[in-house]
There are 2 protein chains.
Amino acid sequence: MKIIIDAMGGDNAPDEIVRGALHARKELGVALTLVGQREPVLRCLAENGAAPGEGLELVEADEIVTMEDDPSTAVRRKRNSSMSVALRLLRDGAGDAVVSAGSTGALLSGATLVVKRVHGIRRAALAPVLPNRPGTGVVLIDCGANVECTPEYLLQFAFMGSFYAERFLNIPRPKVGLLNVGSEDTKGGELQKQTFALLHRAGEQGQIHFVGNTEADRLLTGEVDVLVADGFSGNILLKSTEGSVKFLMRELKGVMLRSMRTRLGALMLRGGIAGLRRRMDANEVGGTALLGISKPVIKAHGSSNAAAVAAAVRQAVRFAEADVVGEIGRNIELMRLPEETEATA
Amino acid sequence: MKIIIDAMGGDNAPDEIVRGALHARKELGVALTLVGQREPVLRCLAENGAAPGEGLELVEADEIVTMEDDPSTAVRRKRNSSMSVALRLLRDGAGDAVVSAGSTGALLSGATLVVKRVHGIRRAALAPVLPNRPGTGVVLIDCGANVECTPEYLLQFAFMGSFYAERFLNIPRPKVGLLNVGSEDTKGGELQKQTFALLHRAGEQGQIHFVGNTEADRLLTGEVDVLVADGFSGNILLKSTEGSVKFLMRELKGVMLRSMRTRLGALMLRGGIAGLRRRMDANEVGGTALLGISKPVIKAHGSSNAAAVAAAVRQAVRFAEADVVGEIGRNIELMRLPEETEATA
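Residues numbered from 1 in each chain as written. Chains lettered and ligands numbered in written order. Predicted model: local features only at pLDDT ≥ 70, side-chain atom pairs only at ≥ 80, totals over all residues. Heavy atoms only, no water.

Colleague: Even after reading the chapter, I still don't get the overall build of chain A, so can you show me in this structure?
Modeller: Within chain A, the secondary structure is distributed over 13 helices and 12 strands. Taking 345 residues into account, the globule formula puts the C-alpha radius of gyration at 20 Å, and chain A, at 21 Å, falls close to it. With the C-alpha coordinates of chain A rotated into their principal frame, the extents come out at 60 × 60 × 35 Å. The buried share of chain A, taken over its 345 residues, is 58%. Expressed as a percentage of contacts within chain A between residues at least 6 apart in sequence, the contacts between residues at least 24 apart total 70%. Just so you have it, chain A exposes about 13,900 Å², and 48% of that area is on carbon and sulfur atoms. (Helix = DSSP H or I, 4+ residues; strand = E, 2+ residues; numbered from the N terminus. Rg over C-alpha atoms; globule rule 2.2 N^0.38 Å. Buried < 20%, exposed > 50% of the residue type's maximum accessible area, 1.4 Å probe, protein only. Contact = heavy atoms within 4.5 Å. Areas by Shrake-Rupley, 256 points an atom, 1.4 Å probe, with all protein chains shown as cover.)

Quick look at the structure:
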């Protein structure tokens, strides 16, 4: 197994990227290809007592995709960027997965352009795994890649999310819900109504385990293992969850610092609360899979530190081993719109 | 000031409704009209040592709007329901505001049908106030009344939310944001792009204080005082915030119960955490104003207990006193689409 790392992507590149990748390499025994500017990457390697050699390759790429670049054209325009080169290496079979903490939009457009989608998949989707009550994790798909969606996109997201939950999270017969403003079958706008019909049919045919319309407050309860959404609503849900957690953690801190007594109480709870904070921290959860791309591409959080990069590499390895991409390809026929629906779409 | 109470609406009606209303009456010195079935309401009054008399009226209504009734027709079909009668009393000037914990959809359709919208307002919207970091509260408008929206609806929501924040929350020049998937001006789908242009123009003309596109994780930070959304996204945001808070509070409880040591720590933090829980609890926040209706209508949470009902009555009084409805009516010309935009809409 060889993981290709975009060493220059993200707020803390290359230092934290290289450190995290080296950590994962040691832990997992995987080979690494670091893609980036020669001098900075060599310096980071040296600072961590490493140098290119067996199982640790450096591929030079001078340019860097930044947050200022237009996401839809960055990878094409900056052909010699670390992101572009990493994606071409993946396409050409020089590694098993790409991990990048660079611009989400650029990585998504770039992966679609260079690595291509699985044949038959209309749109790739961002599918983060969020911590939930049962502790198994819940897949939210899509959460921002596709602001405007069709029922067919959402049908494909449901299948891809289900395969991902089954093979990557090891959840047998994952419960798939459709994000909606109520749990009744008739809720939502046209997109939700048409998608409900498609998912209901797929459920009846035993292709997925569709549990119906699902309200946003059910994301973390364990009632669903996969929550299907258009990229706009999914992004609202993801960001709002992050924002609420951050808000509450900060309020809790305020409560704890209020007096000597509360400070003492906080001390006694320190371990548990640190664990909770870690569990909710995007940096610890690892990366987000780009489902629908024909080879494994993992987006690490832009603000990833070394631990987050290591987690993303760990995720890339497991994602590749689970062969989620292969499973999507083998089942593509199930994800096509029935002809009569396609005609009216 | 006289508040009309739908005594039969909500999960805990009539007991908690009557108790909460009586509590608010005592605290605020307002007159009450309780609308509902004679025997149960009289029994509840008696249990609380009260009886109809000066400033405490009982208006009989035999039917009850339930969650099983079709929201769009319930008030029309059940003409003698407590909700219908309460809304007609308000329309006819027999009170200053209605408070109901009954079906949100039915109350919204009913208020639109019976009390009517402010002349020129296209759609009424649900505008809950959420607790935020500065402690001033933030208005989220809409959060479920209108699943499919036009730019003009959202423009009107922005104005109504701004007047509400200014007069009801006492925030001078409230910061108005548009819920979107990024903070850049060009983000979102067609609805967001067109709405952005309208809000930007209203901001430039000094009619509202528009601060731009706002991501969901900024709801509680204080960066905005009013967040404008279509009813679908707004509902996702509201429910997701509720769900995240519930999830974290439960996880926190788990942390606290882990050992003798953590239980002791929890004891020392008890007051602060109870306060935080209360602050985040929908039941304590009070009701949600239906903005755009021509008289004050407040929706209390369906699961309201007496404290929540009292909070909703308190809110109804302040909402009526602040004359938010009048302010909307006086400014209706600002909320009309410029003609050239209307032509292409």
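Now that the structure has been shown, we can carry on.
Colleague: How should the relation of the copies chain B and chain A be read in this particular structure?
Modeller: The two chain copies are connected by a rotation around an axis plus a translation along it. With an RMSD of 0.1 Å, chain B superimposes on chain A once it is rotated by 180° and translated 0.0 Å along the axis. What the rotation and shift describe, once combined, is the action of a two-fold rotation axis. Of the C-alpha atoms belonging to chain B, the one lying closest to the rotation axis is found on B:G265, 1.9 Å away. The residues that chain B uses at the interface reappear at the interface of chain A in 100% of cases, marking a shared surface. (Least-squares fit on C-alpha atoms with pLDDT ≥ 70 in both.)

Colleague: Is there a simple way to think about the sheet that holds strand β11 (residues 288-291) of chain B in this case?
Modeller: Within a sheet, adjacent strands bond to each other through the backbone by hydrogen bonds, running parallel or antiparallel. Residue and element names in this part refer to chain B. Read from one edge of the open sheet, seven strands run β3-β2-β1-β4-β12-β11-β5, paired in mixed fashion. Two strands in the sheet have a free side with no partner beyond their single neighbour: β3 (56-60) and β5 (125-127). Strand-to-strand twist across the sheet, computed as the mean angle between neighbouring axes with direction ignored, equals 25°. As judged from the five bridges shared by strand β1 (residues 2-6) and strand β2 (residues 31-36), these two strands associate in the parallel manner. Note on β2: the bridge partner recorded for D6 is V35. (Pairing = 2+ DSSP bridges. Axes fitted to C-alpha atoms, helices over the stretch in contact; angles between N-to-C directions.)

Colleague: Just to check I follow, could you spell out the interface of chain B and chain A for this structure?
Modeller: Many analyses report the size of an interface as the accessible area lost when the parts associate. Listed by partner, the interface residues are 50 residues for chain B and 50 residues for chain A. Approximately 4,300 Å² of surface area, both sides summed, lies buried where chain B meets chain A, with 72% of it carried by carbon and sulfur atoms. There are four salt bridges connecting chain B and chain A. Two residues, A:E251 and B:R279, come together in a salt bridge whose shortest N-O distance is 2.4 Å. If you list the elements that add at least two residues to the side of chain B that touches chain A, you get α7 (190-204), α8 (231-256) and α9 (260-280) of chain B. (Buried area = accessible area lost by both parts, 1.4 Å probe. Salt bridge = Lys/Arg side-chain N within 4 Å of Asp/Glu carboxyl O.)

Colleague: Looking at this structure, how should I read the pairing of strand β9 (residues 209-214) of chain B?
Modeller: Moving residue by residue along a regular strand, the side chains alternate between the two faces of the sheet. Residues and elements named next belong to chain B. Where strand β8 (residues 175-179) and β9 come together, five bridges link them in parallel fashion. When the bridges of β9 are listed, K175 appears paired with H209. With α7 bridging β8 and its parallel neighbour β9, the resulting β-α-β unit is right-handed. (Right-handed = clockwise from strand over helix to strand, strands pointing away.)

Colleague: How do you make sense of helix α2 (residues 38-47) of chain A when you look at a structure like this?
Modeller: Counting along an α-helix, one turn takes 3.6 residues, and residues three or four places apart therefore face a common direction. All names here are of chain A. Here α2 has its buried residues at V41, C44 and L45. Viewed along the axis of α2, the buried residues span an arc of 100°, placing them on a single side of the element. Every exposed residue of α2 that faces more than 90 degrees away from the buried side is listed here: E39, A46 and E47. Buried residues along α2 sit in contact with α1 (15-28), β2 (31-36) and β3 (56-60). (Arc of directions from axis to C-beta.)

Colleague: Sorry if this is basic, but what is going on with the packing of aromatic side chains here?
Modeller: For any two aromatic rings, the description comes down to two numbers: the centre-to-centre distance and the angle of the planes. Residue and element names in this part refer to chain A. What the rule picks out here adds up to 10 aromatic pairs over all chains. Ring centres of F168 and F319 lie 6.4 Å apart, and the angle between their planes is 70°; on these two criteria the pair is classed as edge-to-face. Taken together, the residues span a long stretch of sequence, with F168 in the loop between α6 (151-167) and β8 (175-179) and F319 in helix α11 (residues 306-321) at a distance of 151 residues. Judged by its relative accessible area of 5%, F168 falls in the buried class. Ring pairs connect the aromatic residues Y164, F168 and F319, which therefore count as one cluster. (Phe/Tyr/Trp six-rings, centres within 6.5 Å; stacked < 30°, edge-to-face > 60°.)

Colleague: Explanation requested: unusual backbone geometry in the structure shown.
Modeller: Backbone geometry follows two general trends: most residues other than glycine have a negative phi, and most peptide bonds adopt the trans configuration. Cis geometry marks the peptide bond from A:A13 to A:P14; its omega dihedral reads -5°. The topology assignment puts A:P14 in the loop between β1 (2-6) and α1. Here B:I141 and B:D142 are connected by a cis peptide whose omega angle stands at 0°. One non-glycine residue with positive phi stands out, namely B:D323, at about 55°. Turning to its location among the elements, B:D323 is positioned in the loop between α11 (306-322) and α12 (324-330).

Colleague: Honestly, the pattern of salt bridges in this entry has me stumped. Any pointers?
Modeller: Side chains that differ in sign of charge can pair as their charged atoms come close. All names here are of chain A. With the rule as written, the count across this model stands at 36 salt bridges over all chains. With its nearest N and O atoms 3.3 Å apart, the salt bridge here joins R218 to E223. Its relative accessible area of 34% is what places R218 among the partly exposed residues. Within the structure, one salt-bridge network assembled from shared partners comprises R167, D323, E327 and R330.

Colleague: I would appreciate a short explanation of the sheet that holds strand β7 (residues 138-141) of chain A in the present structure.
Modeller: A sheet is described by the order of its strands in space; here five strands give the open sequence β6-β7-β10-β8-β9 (chain A), paired in mixed fashion. Looking at which strands have only one partner, the edges of the open sheet turn out to be β6 (129-130) and β9 (209-214) of chain A.

Colleague: How do you make sense of the nonpolar core when you look at a structure like this?
Modeller: A general trend in soluble globular proteins is that nonpolar side chains are found buried together. Residues A:L87, A:V297, B:L87 and B:V297 are the most contacted members of the largest nonpolar core, which totals 106 residues. Those residues in contact with B:V297, other than ones at most four positions away along the chain, are B:L87, B:L90, B:V98, B:L107, B:A111, B:T288, B:A289, B:L290 and B:F319. (Core = buried A, V, L, I, M, F, W, Y, C linked by side-chain atoms within 4.5 Å.)

Colleague: Even after reading the chapter, I still don't get empty space enclosed by the protein, so can you show me in this structure?
Modeller: Within the structure shown, the criterion is met by four cavities of 30 Å³ or more. Put simply, the largest cavity is a space of about 60 Å³. Lining the largest cavity are A:L248, A:M249, A:L252, A:L276, B:L248, B:M249, B:L252 and B:L276. Elements that contribute at least two residues to the lining of the largest cavity include exactly α8 (231-256) of chain A together with α8 of chain B. (1 Å grid on protein atoms, 1.4 Å probe; cavity = no way out; pocket = protein on both sides within 12 Å on 5 of 7 lines; lining within 4 Å. Points joined across faces, edges and corners; volume = space filled by probe spheres on them.)

Colleague: Help me out: how do you make sense of a positive patch on the surface in this one?
Modeller: On the surface, A:R133, B:K246, B:R250, B:K253 and B:R277 cluster together into a positively charged patch. A total of three residues in the positive patch trace back to one element, the largest contributor, which is α8(B). The exposure class of B:K246 is exposed, given its relative accessible area of 62%. (Patch = residues over 30% accessible without salt bridge, like charges linked within 9 Å, V, L, I, M, F, W, Y side chains within 5 Å. Lys, Arg positive; Asp, Glu negative; His and termini not counted. Charge placed at Lys NZ, Arg CZ, Asp CG, Glu CD.)

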